[in-house]
Amino acid sequence: MPAPLLSIIPTPPFTDPVLIVALATLLFLAVPILAERVRVPGVIGLIVAGAAVGPHGAGLLARDQTIVLLGTVGLLYLMLMVGLELDLHQFNRYRNRSIVFGLLSFGLPAALGLSVGLALGYSTGSALLLASAFSSHTLLAYPIASRLGIVRNEAVTTALGGTILTEILALLLLAVVANSAGGGAPTLGFWARLAVSFGVYVGVVMWGLPRLGRWFFRQAGEGGAEFIFVLAALFTVSYLSHAAGVEPIVGALLAGLALNRLVPSHGPLMNRIHFVGNTIFIPFFLLSVGMLVNVRALDSARAWTISIVLTVGVIAGKWLAARVTEKAFGYDADEGWVVFGLTVPHAAGTLAIVLVGYELELLDQTEVNGVVLMILATCLAGPWAVERFGRRLAAREEQKPYNPDSAPRRILIPLANPATAEALMDLAFVVRGRDGDEPLYPLTVAPQEGGATEAWVAEAERMLGHAVHHAAAAEVPTAPLTRVDANVAAGIVRGIAETRSTEVIIGWDGRRTGARAIFGTVLDQLLERTRQMVLVAKLGHPLSVTRRLVVLCPPGIDRHPGFQAALSAVNRIAAGIGAGMAGVVIGRDAERLKAVHAGVRPQAAAEWQSVADWGALDAWLRASLRREDLVVLMGARRGTVAWHPRLARLPGELADLAPESFLAVYAPESEAPADRAVEAISGTLVPERVVRVQSADFGDAMREMLGSVFDADTARAVAETLEASEQAYSTEIVPGVALPHARLPGLPRSVLVLGVSREGVPLPHGRRPARLLFVLVSSAERAEEHLRALAQIAQLLADPAETGRLLERYAPEARLDWLHVNE
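The rules behind the values
- Residues numbered from 1 in each chain as written.
- Predicted model: local features only at pLDDT ≥ 70, side-chain atom pairs only at ≥ 80, totals over all residues.
- Heavy atoms only, no water.
- Phe/Tyr/Trp six-rings, centres within 6.5 Å; stacked < 30°, edge-to-face > 60°.
- Helix = DSSP H or I, 4+ residues; strand = E, 2+ residues; numbered from the N terminus.
- Buried < 20%, exposed > 50% of the residue type's maximum accessible area, 1.4 Å probe, protein only.
- Patch = residues over 30% accessible without salt bridge, like charges linked within 9 Å, V, L, I, M, F, W, Y side chains within 5 Å.
- Areas by Shrake-Rupley, 256 points an atom, 1.4 Å probe, with all protein chains shown as cover.
- Salt bridge = Lys/Arg side-chain N within 4 Å of Asp/Glu carboxyl O.
- Pairing = 2+ DSSP bridges.
- Axes fitted to C-alpha atoms, helices over the stretch in contact; angles between N-to-C directions.
- Core = buried A, V, L, I, M, F, W, Y, C linked by side-chain atoms within 4.5 Å.
- Contact = heavy atoms within 4.5 Å.
- Expected span 1.5 Å × (residues − 1).
- pLDDT = per-residue confidence, 0-100.
- Parallel < 35°, antiparallel > 145°, perpendicular 65-115°, else oblique.
- Left-handed = near helix turned anticlockwise from the far one by under 90°.
- Nonpolar A, V, L, I, M, F, W, Y, C, P; charged D, E, K, R; others polar.

Peer 1: I would appreciate a short explanation of the packing of aromatic side chains in the present structure.
Peer 2: How two aromatic rings sit relative to each other is given by the distance of their centres and the angle of their planes. Evaluation of the coordinates by the stated rule reveals ten aromatic pairs. Both rings, one in Phe28 and one in Phe284, keep their centres 5.0 Å apart while their planes meet at 85°; by these two values the pair is edge-to-face. Of this pair, Phe28 sits in helix α2 (residues 17-37) while Phe284 is found in helix α13 (residues 268-290), placing the two residues 256 residues apart along the sequence. When sorted by exposure, Phe28 lands in the same class as Phe284, which is buried. An aromatic cluster is defined as three or more aromatic residues linked by ring pairs; in this entry it consists of Trp337, Phe340, Trp384 and Phe389.

This is the structure we're talking about:
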C-alpha cells in the first residue's frame, strides 16, 4: 500500500479532533435511524453506540478531555432545557405536588441506598454516599417527552418540578459526606456556611439574571445575540455553583428557571435552543455516558452481586416513589410509568457522586463498575418507559372530548409597517401555540393608486418575505397573502373571508384620527365590519421581557357571548411568554370574573381585584403600572353588551401611560338564530343598562337612557330620531309600557336599554305616561332582523307575566303593582 495512503489510515483510539467529530456526527445521524427501525428509542441507541465505540468496546474513541468536555456541555444544556420548558404557571399550580414528589423521589431511594450499603457491609460514610447516588437522577428521557408533546401534562410537570428539589437534596447530602470524610462530622459552622452560600447563590441567580436578560433583550432585539446570551448565562451560572458548594447541574437548572419567562416557548430563540441541543450537545452527552460502560469488569461473583443489587435497589426506589405519587394524586397508570421513566435514569449526577466517593476512598473500583452498569440499566429502562407509555398518554390526549378551545384557529396578521412586523408575528406565534395545525396568514393590502400600485405591491411582497423568513426560523408554517384595494379595511375583510380566519392580529401606532375614532379610520372600520376576534397591538418592547399582563375588564364584559374565547387567548399569551396576570374589574364583579376565569382553558394563574368606577381605574393605572407590563384591554364593539363611551377614549389614554406595550382584545361576535332573537336581545339587557329615569320629558329621557351605551354625540342623535318618530307614531305597547326603536348605521349588535320611571314619561300619543321604556337600537344594515326582533319583543311585553319576569330579573325594585302597567 502506498505510504501516503497508509498515513491517512488512523489507528484507534482516534486522536485527530476532526476525525473524532466526524465519527460522532455519523453516529448521531445513523444510530437514531437504525434505532427507529428496531423500535428502540434513539436515546438508548446512542448510549449503546457509545459503549460499542468507547474504550471498553471497539476502542475507536477514548473518553478523553474532548469527550468529557462535550458530554458535560450536553448535560448542562439538557438541564437548561428542562428549566426553560417547565410550565411555571402549571408548576405554581401544582407546586405542592412537586414538593411532595421531590421529597419522595429523594427519601425513598435514599433510604433504600442506605440500607443496601449497610447490608453489603459498607461504612456509614460509604452507605450515605450510595444513598445520595440512589436518590439523584438525570432527566435523560426528557427529549422523548418533549417530542411526544406531553411536557405540560400535570404528572410530567410534577415530576419535572420535583426534580429540582431531589437534585438539590442529593447533592447537599454529597456535600455533607465529603465534609465528613475530610474532617469529621458536619459542624454548625459547616451548615451555616452552606446555607448562606447556597441561599445567596440562588437569590443572585433568580433575581439578577432575569433583570440582566430583560435589559439585554431590549438592547439586542431579535437575532443570534440572544442565543449567545443564553449560552453565556448557562455556563457562567453553572461555574459559579462551585462557590455555593453544589454541582454545576444545579446551576444549569437554575439558569433555565431564571430565563424561563424571557424565552417564549413558541419563538425563534427557543427553536434555536432546541435545534442546537437536540442535534449536537445532548447526543454528545449520551455518547459519553455509553463510553463509561465496562462489561468486562464483571469478572467475579461479587461484582455481579453488587451490580445487580444496586440496579434493583435504584429501580425499586424510583418505582416506589412514582407509584406512591400516582396513588396519592390520582394519576392513571400511564402517567405513573411516565413519571418513573423520567426519574429512574441515573447518569451524570450519580457519576459525579460516585467519582467523589472513589477519590475519597469510600468506594473501590468494583463499586464504581457496579454503579456504571447500574447507570446503563437505568438509562435503558427510563427512555423505554417514557417512549412506550408516553405514546399512550399522548394518544389519549388527542382523543379527549371536543373542546372549543382546541378548534382550528386561523390567524390573519395584516402587516403595514416593517418595523413592527416581527413583533406582530411573535404575538401570533404565541396565540397560535406550538400544537396548532393551521398556518399563519400574514397579509399586506396595497392601495389601488393607478401606476403606483405595482410599486406598492412590490414593497408589500418584500415585507411578506421578511415575515415568512421570521416564521420559518420558529418552524411555523405561513400562507402569505397580498391584496390590492382602494380601501385597506375592505381588503383586510376580504382576506378574512377568503381564508375563513377566526382571529385577526393587527398593529396600532398609538395615534387616533377623528373625534369619534377609537384607534383610527382603518381599525375602526375593521371592528365595525368584522365579527371575528380582533387583537389590536401596540408593542413597544419584546414580548419576552413582559413580566405581567394587566387585564382590564369593563362592566358587563363577562356577559358577552365571546368573552371566554377572548379570555382564553389572553391566557395563551400569558402562558406562552411565562408572564404573570393581574385582572382589574371596573365595578364590583371581581369575584364573578374570577370564577369565570377559573373555568377558561388553558388555565393561567391570575390575581383579581376591582375598582369602583372609571375614575378610580385612572388612579389605579397611574399608580400601579410598570414599564414592563403589557396592558390588555378586554374591549367591546360599539353597541355590544359591554360597550361604554369611556372605551372610545381609553386606548388612546393607555398608549400614553408608562408601559410601552398595549393590547386590546375584541371578543368574537356570535350570530343569533332567528328563532332565538328575543333570547339573544334580552341577553344584552344587563344591570348596567337598566336606567332609573329622572326626567319627565321624552327626549331628555331618551338621552338619559342612551348615555349609558353610546357617546354623547351618538346618544343625542339617536334620541332626536326617537323623539321625531314618537311624534309621528306611538310606540306604546300597553298602557304604561313603551318600545321606542331606531336603527343606527354600523352597529354590529342590537342594543336593548330599560328605563324605569316612578312618575312616568308622557308620550305624545300614549294613553298614560310610560313607566317602563324598552329602547331597541339595531343595525341600519339589518332591517329584516330589526323588524323581527321588534315584533317578538312587543309580543313578549304584551304579556304581564313575561314583563313581570323581566322586571324581577333586571329591576327587582320596579314592581308591576306600583308601576300600574297593563291595567
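Following the structure, the description resumes.
Peer 1: I tried to follow a nonpolar patch on the surface on my own but got confused; where do I start?
Peer 2: Taken together, the side chains of Trp319, Leu320, Val324 and Trp337 present a nonpolar region at the surface, about 310 Å² in accessible area. Sort the elements by how many residues they give to the nonpolar patch and helix α14 (residues 301-329) lands first, with three residues. Following the sequence through the fold, Trp337 ends up in helix α15 (residues 333-343).

Peer 1: Whenever I open this one, the sheet that holds strand β7 (residues 580-586) confuses me. Can you help?
Peer 2: Read from one edge to the other, the open sheet built from ten strands follows the order β3-β2-β1-β4-β5-β10-β9-β6-β7-β8, with strand pairing classed as mixed. Two strands bound the open sheet, and with one partner strand each, they are β3 (481-485) and β8 (607-611). Between one strand axis and the next, the sheet turns through 20° on average, direction left out of account.

Peer 1: Would you mind going over the nonpolar core with me for this structure?
Peer 2: Soluble, globular proteins show a tendency: their nonpolar side chains are buried together. With 127 residues, the main nonpolar core has Tyr77, Ile273 and Leu342 as its most contacted residues. A per-element tally of this core places helix α9 (residues 154-183) first, with 14 residues. When residues no more than four places from it in sequence are discounted, the contact partners of Tyr77 are Phe227, Leu231, Leu234, Arg272, Ile273, Val276, Gly277 and Phe281.

Peer 1: What am I meant to see in the pattern of salt bridges here?
Peer 2: Side chains that differ in charge, positive against negative, can pair when their charged atoms come close. Under the definition given, this model contains 17 salt bridges. The salt bridge partner of Arg323 is Glu326, with a shortest N-O separation of 3.5 Å. One end of the pair is Arg323 and the other is Glu326, both in helix α14 and three residues apart, which spans about a single turn. Among the residues examined, Glu326 registers a relative accessible area of 7% and is labelled buried. The salt bridge involving Arg703 is made with Asp700; its shortest N-O contact spans 2.6 Å. Of this pair, Arg703 and Asp700 are both found in helix α27 (residues 698-706), three residues apart, which corresponds to roughly one turn of the helix. By relative accessible area, Asp700 is classed as partly exposed at 35%.

Peer 1: Whenever I open this one, unusual backbone geometry confuses me. Can you help?
Peer 2: With an omega dihedral of -5°, the bond running from Pro12 to Pro13 counts as a cis peptide bond. Assignment of secondary structure puts Pro13 in the loop between α1 (3-7) and α2. Positive phi outside glycine occurs at Arg500, with the angle close to 55°. Along the chain, the position of Arg500 falls in the loop between α20 (488-499) and β4 (503-507).

Peer 1: Is there a simple way to think about helix α4 (residues 65-85) in this case?
Peer 2: Because each turn of an α-helix spans 3.6 residues, side chains separated by three or four positions end up pointing in the same direction. Look at α4: 30 Å from first C-alpha to last across 21 residues, which is about the 30 Å you get at 1.5 Å a residue. Among the 21 residues that make up α4, 16 are buried, leaving the element largely enclosed by the rest of the structure.

Peer 1: Just to check I follow, could you spell out the confidence of the model for the protein for this structure?
Peer 2: The predicted coordinates should not be examined in detail at positions where pLDDT is low. Per-residue pLDDT for the protein averages 79, and the proportion of residues at 70 or more is 85%. Overall, residues 401-406 carries pLDDT values under 50, and its contacts beyond four positions in sequence, including any with other chains, amount to six contacts. Predicted confidence for residues 815-823 stays below pLDDT 50, and this span has 27 contacts to residues more than four positions away or in other chains.

Peer 1: Where do I start with the packing of helix α3 (residues 42-53) against α13 in this structure?
Peer 2: Two numbers describe a pair of packed helices, the interaxial angle and the distance between the axes. Their axes nearest at 6 Å, the elements α3 and α13 cross at an angle of 50°. The orientation of α3 relative to α13 falls into the category oblique. Classified by chirality, the crossing of α13 by α3 is right-handed. Mapping the contact onto sequence places Val43, Leu46, Ile47, Ala49, Gly50 and Ala51 in α3 and Pro283, Leu286, Leu287 and Gly290 in α13. A class-by-class count of the residues in the contact of α3 with α13 yields eight nonpolar, two polar and no charged.

Peer 1: Which parts of the structure should I look at to understand the environment of Gly251?
Peer 2: With respect to the helices and strands, the residue Gly251 is situated in helix α12 (residues 248-259). We classify Gly251 as buried; its relative accessible area is 0%. C-alpha separation for the pair Gly251 and Val205, spaced 46 residues apart in sequence, amounts to 8.7 Å. Those residues within four positions of Gly251 in sequence are excluded, and the remaining contacts are Tyr201, Val237, Ser238 and Ser241.

Peer 1: Would you explain the pairing of strand β10 (residues 661-666) in this entry?
Peer 2: Taken residue by residue, a regular strand's side chains alternate between the two faces of the sheet. Within β10, six of the six residues are buried, which leaves the element mostly enclosed by the surrounding structure. Examined bridge by bridge, strand β5 (residues 533-538) and β10 share five bridges and lie antiparallel to one another. Bridge assignment links Val536 to a residue of β10, and that residue is Ala664.

Peer 1: Which parts of the structure should I look at to understand the packing of α2 against α13?
Peer 2: Running from N to C, α2 and α13 cross one another at 95°; their axes reach a closest spacing of 10 Å. By the angle between their directions, the pair α2 and α13 is classed as roughly perpendicular. Two secondary-structure elements touch here, α2 through Ala24, Leu27 and Phe28 and α13 through Thr279, Ile280, Pro283, Phe284 and Leu287. Of the residues contributing to the contact of α2 with α13, the split by class is seven nonpolar, one polar and no charged.

Peer 1: Mind showing me how you'd approach the environment of Leu621 here?
Peer 2: If you trace the backbone, Leu621 turns up in helix α24 (residues 614-624). Using a relative accessible area of 3% as the deciding quantity, one classes Leu621 as buried. In the structure, Leu621 is positioned 33 residues away from Leu654 in sequence and 8.7 Å away in space, judged by C-alpha atoms. With sequence-adjacent residues up to four places away left out, Leu621 is seen in contact with Leu552, Leu654 and Leu657.

Peer 1: I would appreciate a short explanation of the side chain of Ser778 in the present structure.
Peer 2: On the secondary structure map, Ser778 appears in strand β16 (residues 770-779). We classify Ser778 as buried; its relative accessible area is 2%. Contact partners of Ser778, with chain neighbours within four places excluded, come to Ala742, Arg743, Leu744, Leu747, Ser750 and His786.

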